[in-house]
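# Structural overview for review
Residue-level listing of the chains:
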Amino acid sequence: MTWVHYQLLTWCWIALGFLTFLYLLRVDAPFGRHTRTGWGPMIDNRAGWVLMEFTVLVVLYLTIGLSGGLTNSAVVLLILVLFTAHYIHRSLIFPHFLRTGGKQMPVVIVLSAMGFNTMNGFLIGYYFSHFAVYPEFWMADWRFLLGISVFLTGAWINVKADYYLIRLRKPGETGYKIPRGGWFNYLSCPNHFGEILEWSGLALLSWSLPFATFTFWTAANLVPRALAHHAWYRSRFPDYPAARKAVFPFLL
Ligand code: NDP
C-alpha cells in the first residue's frame, strides 16, 4: 500500500469514527452500568474485556511481523513500548481486578470493539513498519517532550480513577456510589478524561496520522460514554454535586 492509499484508508476510518460518535450520542453503548437486554447473546464481562482489548496487540504485532519489522528507530520502539504497556494492563490486568460480580456484556459490543481494535492495530502497525521516520534528535523536540508528559499524566489519571472506582465496591457488592475527591471533584469520569489525554500525548509525541486517528476514535467512544455516565449519576443521585462536569474540567 502506498502512502496515498494509506492516507485514504485512514480518512475513511476517521469518517466512520465521526458517524460512530453521532450514533453514540443517541444510543448509550450497553455495557457496564448501561447494560440492558435486547442486544443479543451475552458474554462474561471479564472475558469480554480480555477479548476486546487484547485484539489490538495481536493485530499490531502480526502486521509488523508480516511487514518484515519496524522502521529502524528508537522513537518507534519507545512508542510501541508505551502502547503495549497500556494494552497489557487494559487487557490482562484491569479485568482481573474488576468487582462486577458475574455481570455480562453483549457479544455485539465485544465484536465491535474487536473491529475497532483490529483496524487501529493494523493502521498503527503498518505505519510504523512502512512510513515512520524520525529525525535524529526527535527525543529533544518540544512535541516529544510535551507529548510524553501528557501521555504519562493521562495514564496516571486514568489508572488512578479506574482503580478508585473499582474499589468503591467492597468485595461482593454490586451497586454504585458517588465517587468523591481528587479529579472527581471536577469530573464524573476522570478515567475517560485521562484516557483521552493519554492518547493525545502519544499523538503529539509520535506526530503521526495513526495516533491522531486513534485519539479521535477514543474521544468518539468516550465523550458520549462520559456524558451518558454523567446523566446517569444525576438521574440516580439527587445529591449529586451540581458543579461537576462529565469529562473535560470546567467545560463539558
Ligand atoms: P466505568 O467508569 O464505567 O467503570 C470502571 C469500573 O468501575 C467498572 O468496573 C464499574 O463497574 C466500576 N464503577 C464505575 N463507577 C462506579 C461507581 N460509581 N460505583 C461503583 N463502581 C463503579 O469505565 P468504563 O467501563 O467506561 O471504562 C473502563 C476503562 O476502559 C476506562 O479506563 C476507559 O477509559 C477505558 N475504555 C477505553 C475505550 C477506548 O475507546 N479507548 C472505550 C471504553 C473504555 P460496572 O462495570 O459494574 O459499571
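Shown above is the structure to which this text applies.
Residues numbered from 1 in each chain as written. Predicted model: local features only at pLDDT ≥ 70, side-chain atom pairs only at ≥ 80, totals over all residues. Heavy atoms only, no water.

Moving on, we come to the packing of helix α3 (residues 74-97) against helix α5 (residues 142-167). α5 packs onto α3 with a crossing angle of 0 degrees between their chain directions and a minimal axis gap of 13 Å. As judged from the angle between their axes, α3 and α5 are roughly parallel. For the pair α3 and α5, contact is made by Leu78, Leu82, His89, Arg90, Ile93, Phe94 and Phe97 and by Phe144, Ile148, Phe151, Asn158, Val159, Asp162, Tyr163 and Ile166, respectively. When the residues that make up the contact of α3 with α5 are grouped by side-chain class, the tally is eleven nonpolar, two polar and two charged. (Axes fitted to C-alpha atoms, helices over the stretch in contact; angles between N-to-C directions. Helix = DSSP H or I, 4+ residues; strand = E, 2+ residues; numbered from the N terminus. Parallel < 35°, antiparallel > 145°, perpendicular 65-115°, else oblique. Contact = heavy atoms within 4.5 Å. Nonpolar A, V, L, I, M, F, W, Y, C, P; charged D, E, K, R; others polar.)

The subject of this paragraph is the pattern of salt bridges. With the rule as written, the count across this model stands at four salt bridges. Here Arg90 and Asp162 are joined by a salt bridge, their closest N and O atoms 3.4 Å apart. Of this pair, Arg90 sits in helix α3 while Asp162 sits in helix α5, and the two are 72 residues apart along the sequence. We note that Arg90, like Asp162, is buried. Among the salt bridges present, the one from Asp141 reaches Arg143, with a minimum N-O distance of 2.9 Å. With a relative accessible area of 19%, Arg143 lands in the buried category. Overlapping salt bridges, with partners in common, bring together Arg90, Asp162 and Glu195 in one network. (Salt bridge = Lys/Arg side-chain N within 4 Å of Asp/Glu carboxyl O. Buried < 20%, exposed > 50% of the residue type's maximum accessible area, 1.4 Å probe, protein only.)

By size, the foremost hydrophobic cluster in this structure holds 34 residues, and its most contacted members are Ile79, Phe83, Phe128, Tyr134, Leu202, Phe211 and Phe214. Put simply, the parts of the chain that give this core at least two residues each are α1 (3-26), α2 (45-66), α3, α4 (107-130), α5, α6 (190-206) and α7 (209-236). Ignoring any residue separated from it by four or fewer positions in sequence, one finds Ile79 in contact with Phe128, Tyr134, Leu202, Leu205, Ser206 and Phe211. (Core = buried A, V, L, I, M, F, W, Y, C linked by side-chain atoms within 4.5 Å.)

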